[in-house]
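Chain residues, written in single-letter form:
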Amino acid sequence: MTAEGTIHISSAVISVLPKHRDEVLRMLAALPEVETHQSNASKIVIVMEAAESGIMGGRLAEIASWQGVLSANMVFEQVERLADIGD
């Protein structure tokens, strides 16, 4: 499979200091291909999509560097062929 013919879908957990949670949520909402699915005072669960795994790794590294973020860890990654999902 080539990168052009696949999509990578990943979930991740972001650990944050509670006082920075709302700002981190706003910043996540501004990122392309990132959806927030759950959050509490110190944890945020996101789902990301990208053409290749390295893009998601870079995005997680960027998130991990934000003020108030303690960690950003990928939990699961799945690769799907675009032809199989109709995109």
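Everything below is about the structure printed above this text.
Residues numbered from 1 in each chain as written. Predicted model: local features only at pLDDT ≥ 70, side-chain atom pairs only at ≥ 80, totals over all residues. Heavy atoms only, no water.

Draft legend 1. A look at the side chain of His20. Along the chain, His20 turns up in the loop between β1 (6–16) and α1 (21–30). Not counting the four nearest positions on each side in its chain, His20 is found in contact with Gln67 and Gly68. (Helix = DSSP H or I, 4+ residues; strand = E, 2+ residues; numbered from the N terminus. Contact = heavy atoms within 4.5 Å.)

Draft legend 2. Region of interest: unusual backbone geometry. Positive phi, close to 60 degrees, is recorded for Glu33, a residue that is not glycine. Among the structural elements, Glu33 can be located in the loop between α1 and β2 (34–39).

Draft legend 3. Representation of α1. When α1 is considered as a whole, its buried residues turn out to be Val24, Leu25 and Leu28. Viewed along the axis of α1, the buried residues span an arc of 100 degrees, placing them on a single side of the element. Turned more than 90 degrees away from the buried face of α1 sit Arg26, Ala29 and Ala30, all of them exposed. Those residues of α1 that are buried are in contact with β1, β2, β3 (43–50), α2 (53–64) and β4 (69–81). (Buried < 20%, exposed > 50% of the residue type's maximum accessible area, 1.4 Å probe, protein only. Arc of directions from axis to C-beta.)

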